[in-house]
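# Analysis of the macromolecular model
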Amino acid sequence: MSLALGGGKMAENLKDCRVCGKSSWSQLQDLCRLAKTSCPALGISRKNLCIFEVDYLCNYKKEQEYYLVKWRGYPDSENTWEPRRNLRCAGILKQFHRDLEQELFRRSGRRPRVRPPRHLDAALVDFLVQKGRQRKALQRWERELNAKRAHKGRISVENEVDLHGPPQDFTYINEYKMGEGITLSQMATGCECKDCLDDQANGCCPGALLKKFAYNVQGQVRLQAGQPIYECNARCRCSSDCPNRVVQRGISYNLCIFRTANGRGWGVRTLEKIRNHSFVMEYVGEIITSEEAERRGQIYDRQGITYLFDLDYVEDVYTVDAAYYGNVSHFVNHSCSPNLQVYNVFVDNLDERLPRIAFFATRTIWAGEELTFDYNMQVDPIDVESTRMDSNFGLAGLTGSPKKRVRIECKCGTESCRKYLF
């Protein structure tokens, strides 16, 4: 917690306490301090009543090191200048000076000074205020994402590039959202294996459907790209740690949504090592018909965005639209030399027109690397059981419909770059 010592009159207990029923613990503490009342239940006493939390820092004066503080829970009109000795927010102080140095470097093109200037000009103060507000917004968004995720892997958010905040009109979901008139047919039966890996040839789900078992004992996919994956389902007797339950367990790696520095918008990088052939994430969104996808595509063209991924494993009937509903994969960028490969996966639904789209690592991916897949990925149908995989995917901010195959410039920067996405 980022704190500072503040003045003010000692609190008086109130007989009645009325607050919004959905207030968080920290919001209730702020309300107590605003009302200047102590509350033992919330840990607000006469001793800490006048200890306030720093929201962010707005300005700086070199003389005696004074900082203009925006207090959490208080309007800008209540901002106060505080000496460095009053502040107990080492992380916020460090970030404030890092932002200041980076902005000074951006302006001058020279190495930043060891110490900031004596006084900050109005434009620099405005930048620092916007940066402080942005960081708070991104922190809230990060908490919201992690509150909604139904998987082990944690999500972090970072923007050290510009002042863009959280995307608007985006809802995090963990599985497909069915569009109007579309339903999934549930599996009627499941396997009764004691050990699905050992019994794979004797009736486990893939074998019963005359398909190959997809994983090795470490959970790495061993099928050629294009071959379908059939996992155990809700009617199977095997446990949740069955070796044939991989994709359905969800994202297991800690990932970071970050702002790219070369104009590609948001991207995703892994915060830990990912082994070759390991499952990374699913591509989820709203399932719509191809006809509806064409209609929305025309709207997205005018807006300069599109997140349409055709499900054409057997025929082009349905499309995943991740523009407004999706998970981390919504932010994964294109590369002509990707480290993720698409596989069609079936779990509780056997409708081959509605596979789940899973991304597996094509090589070892090291912590800090950006995750990418080929938006125009194609799988040779010869000797495999998949038709052509064609994502019909586009980049935000670029005009033209991928379905029309306009020539969209590629910014992946790899040696094998095709120069154009489509």
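No experiment lies behind these values; they were computed from the predicted model shown. Along each chain, the written sequence defines residue order, and numbers are assigned to residues from 1. Two thresholds apply to this predicted model, a pLDDT of at least 70 for residue-level local features and 80 or more for giving and counting side-chain atom pairs, whereas whole-chain, interface and lining totals are computed over all residues. With hydrogens and water set aside, each side-chain value is computed from the structure's full complement of heavy atoms.

Turning our attention to the overall build of the chain. Scanning the chain for helices and strands turns up five helices and 20 strands. Across the chain, the fraction of contacts at a sequence separation of at least 24, relative to all contacts at a separation of at least 6, is 65%. Accessible area of the chain: about 21900 Å², with a carbon and sulfur share of 48%. Only DSSP runs of H or I reaching four residues or more are called helices, and only runs of E reaching two or more are called strands; each is numbered from the N terminus. Note on contacts: a residue pair is in contact if any heavy atoms of the two residues lie within 4.5 Å. Here the Shrake-Rupley method, with its probe set to 1.4 Å, supplies the accessible areas, and only the displayed protein chains count as covering residues.

Turning next to the packing of aromatic side chains. Aromatic contacts are taken between Phe, Tyr and Trp rings whose centres are within 6.5 Å, Trp giving its six-membered ring; a plane angle under 30 degrees counts as stacked, one over 60 as edge-to-face, and the others as tilted. Enumeration according to the criterion identifies 16 aromatic pairs in this entry. Linked through ring pairs, Y283, F309, F359, F373 and Y375 together constitute an aromatic cluster. Two conditions define a charge sitting above a ring: the NZ of Lys or the CZ of Arg must be within 6 Å of the ring centre, and it must be within 35 degrees of the ring normal. Positioned over the ring face of Y325 is K177, at 4.9 Å from the centre of the ring. A cation over a ring is seen here: R269 above F258, with NZ or CZ 4.4 Å from the ring centre.

What follows concerns the sheet that holds strand β10 (residues 255–259). With mixed pairing, the three strands of this open sheet are ordered in space as β6-β10-β11. Both edges of this open sheet fall to β6 (155–158) and β11 (266–270), since each of them pairs with a single strand only. Taking the axes of each pair of neighbouring strands and ignoring which way they run, one obtains an average angle of 25° across the sheet. A pair of strands is considered paired only if DSSP assigns at least 2 bridges between the two. Relative to β11, β10 runs antiparallel, the two being bridged by five bridges. The residue bridging L255 from the neighbouring strand is T270, located in β11. For helices, the axis comes from a line fit to the C-alpha atoms of the stretch in contact; other axes are also lines fit to C-alpha atoms, and the angle between any two N-to-C directions lies between 0 and 180 degrees. Where helix α3 (residues 122–148) meets the sheet, its contacts fall on β6, β10 and β11, and the angle it forms with β6 comes to roughly 160°.

Let's shift gears to the pairing of strand β19 (residues 356–361). A simple rule labels every residue: compare its accessible area, found with a 1.4 Å probe on the protein chains alone, to the largest value its type can have, and call it buried under 20%, exposed over 50%, or partly exposed in between. Of all six residues in β19, five are buried, a share of seventy percent or more. With six bridges joining them, strand β18 (residues 340–346) and β19 adopt antiparallel strand pairing. Paired with N344 across the two strands is I357, which belongs to β19.

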